[in-house]
Amino acid sequence: MRMRDTIIKPMHPEGRRFVAIFAAVTILLFLLWEPLGWIGTGLTVWCYYFFRDPERVTPARPGLVVSPADGIVSLIEPAVPPAELGMADTPLTRVSVFMSVFNGHINRSPVAGEVTAISYRPGKFFNASLDKASADNERNSLRIRMADGRDLAVVQIAGLVARRILCFVRPGDRLATGERFGLIRFGSRLDVYLPPGVAPLVGIGQTMVAGETILADLNATVPVQA
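Residues numbered from 1 in each chain as written. Predicted model: local features only at pLDDT ≥ 70, side-chain atom pairs only at ≥ 80, totals over all residues. Heavy atoms only, no water.

Draft legend 1. Focus on a nonpolar patch on the surface. A surface patch of nonpolar side chains, about 540 Å² in accessible area, is lined by Leu32, Trp33, Leu36, Ile39 and Leu43. Tallying contributions element by element places helix α2 (residues 34-50) first for the nonpolar patch, with three residues. The residue Trp33 is located in the loop between α1 (16-32) and α2 in this model. (Patch = residues over 30% accessible without salt bridge, like charges linked within 9 Å, V, L, I, M, F, W, Y side chains within 5 Å. Areas by Shrake-Rupley, 256 points an atom, 1.4 Å probe, with all protein chains shown as cover. Salt bridge = Lys/Arg side-chain N within 4 Å of Asp/Glu carboxyl O. Helix = DSSP H or I, 4+ residues; strand = E, 2+ residues; numbered from the N terminus.)

So, in structure tokens, the structure goes:
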């Protein structure tokens, strides 16, 4: 890897118009007052990094669940998956990954499988780190059926400043582990509902890397702690 590759990351096409807007405003700020222009330059660079889309090396061993997002594990608790996905109404282990405005926001599939259901639901815009964000905020939910017949749910949740959730896939699409499936603009959260009996291998406060950090092992025999 070249040194510049550690600094200059590919940008998702969704970010091009936003970076262009930031850059245009920055030019105007320079014309008004140079110090403002330098502030605009910093914000333009931030916007570019927000939409960064680096390649990730996904663990190859079958049965691993990887993080769907860059960020911090904010919650691990039992919860019922969104009703609109048509899954059983029994609580599953939910792992929440909070993305700040400084994280990359490309969302990646936690497992390989077929997307059997997608449901968007409008809602509020509470801080995505709060527990009530899972129930009240705007969200887009995916149900993924794996080769062994088990289902996993992953939910995109809008945050305090997020105003648009993007989903790149449709029901019937097949995803590989770590494959890009969506994007949320400007601060948000991803919830993963693990299949029954699967325990998370991460802890609250742990830093996650989308498509790389192992979140759980579907083949593990360690029981979920009550």
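Draft legend 2. Just the pairing of strand β5 (residues 113-121), in detail. Both β5 and strand β9 (residues 174-175) contribute to a ladder of two bridges, which runs antiparallel. By the bridge assignment, Gly113 is partnered in β9 with Leu175. Direction of pairing for β5 relative to strand β6 (residues 139-145): antiparallel, over a ladder of seven bridges. Residue Val115 lies in a different strand from β6, and its bridge partner there is Ile144. (Pairing = 2+ DSSP bridges.)

Draft legend 3. Here's a closer look at the environment of Ala83. Tracing the backbone through its elements, the reader meets Ala83 in the loop between β2 (71-79) and β3 (92-99). Among the residues examined, Ala83 registers a relative accessible area of 69% and is labelled exposed. (Buried < 20%, exposed > 50% of the residue type's maximum accessible area, 1.4 Å probe, protein only.)

Draft legend 4. How the structure looks around the side chain of Asp151. Mapping Asp151 onto the fold places it in strand β7 (residues 151-158). For Asp151, the side chain forms a polar contact with the side chain of Arg143, separated by 2.6 Å. A distance of 2.8 Å separates polar atoms of two side chains, one belonging to Asp151 and the other to Arg145. (Polar contact = N/O pair within 3.5 Å; in protein donor to acceptor, adjacent residues only side chain to side chain.)

Draft legend 5. View of α1. Between the first and last C-alpha of α1 there are 25 Å, a value that for 17 residues agrees with the 24 Å anticipated at 1.5 Å per step. Taken together, the buried positions of α1 are occupied by Phe18, Val19 and Thr26. What you see down the axis of α1 is that its buried residues fit within an arc of 95°, all on one side. Exposed residues on α1 whose side chains face more than 90 degrees from its buried face are Arg16, Ile27, Leu28, Leu31 and Leu32. In this structure, the buried residues of α1 make contact with α2. (Expected span 1.5 Å × (residues − 1). Arc of directions from axis to C-beta. Contact = heavy atoms within 4.5 Å.)

Draft legend 6. Up close: the pairing of β6. Within β6, six of the seven residues are buried, which leaves the element mostly enclosed by the surrounding structure. The sheet contact formed by β6 and β7 spans seven bridges and is antiparallel. Bridge pairing in β7 links Ser141 to Val155. As consecutive antiparallel partners, β6 and β7 are separated by five residues, and within that stretch Gly149 has a phi angle of approximately 90°, a positive value.

Draft legend 7. Structural detail: the nonpolar core. Ranked by internal contacts, the top residues of the largest apolar core, which has 28 residues, are Val65, Leu152, Val154, Leu194 and Leu215. When contributions to this core are tallied by element, the ones reaching two or more residues are β3, β6, β7, β10 (180-184), β11 (188-193) and β13 (214-217). Beyond its immediate sequence surroundings of up to four residues, Leu215 is in contact with Val65, Val66, Ser67, Pro68, Val95, Val192, Leu194, Pro200, Leu201, Val202 and Met208. (Core = buried A, V, L, I, M, F, W, Y, C linked by side-chain atoms within 4.5 Å.)

Draft legend 8. View of the sheet that holds strand β8 (residues 165-167). Spatial strand order, β4-β10-β8: three strands in an open sheet with antiparallel pairing. Since the sheet does not close on itself, it has two edges, and those belong to β4 (106-108) and β8, each with one partner. Looking at each pair of strands side by side, their axes are set apart by 25° on average, direction ignored. Judged from the three bridges that link them, β8 and β10 form a sheet pairing that is antiparallel. By the bridge assignment for β10, Ile165 is matched with Ile184. (Axes fitted to C-alpha atoms, helices over the stretch in contact; angles between N-to-C directions.)

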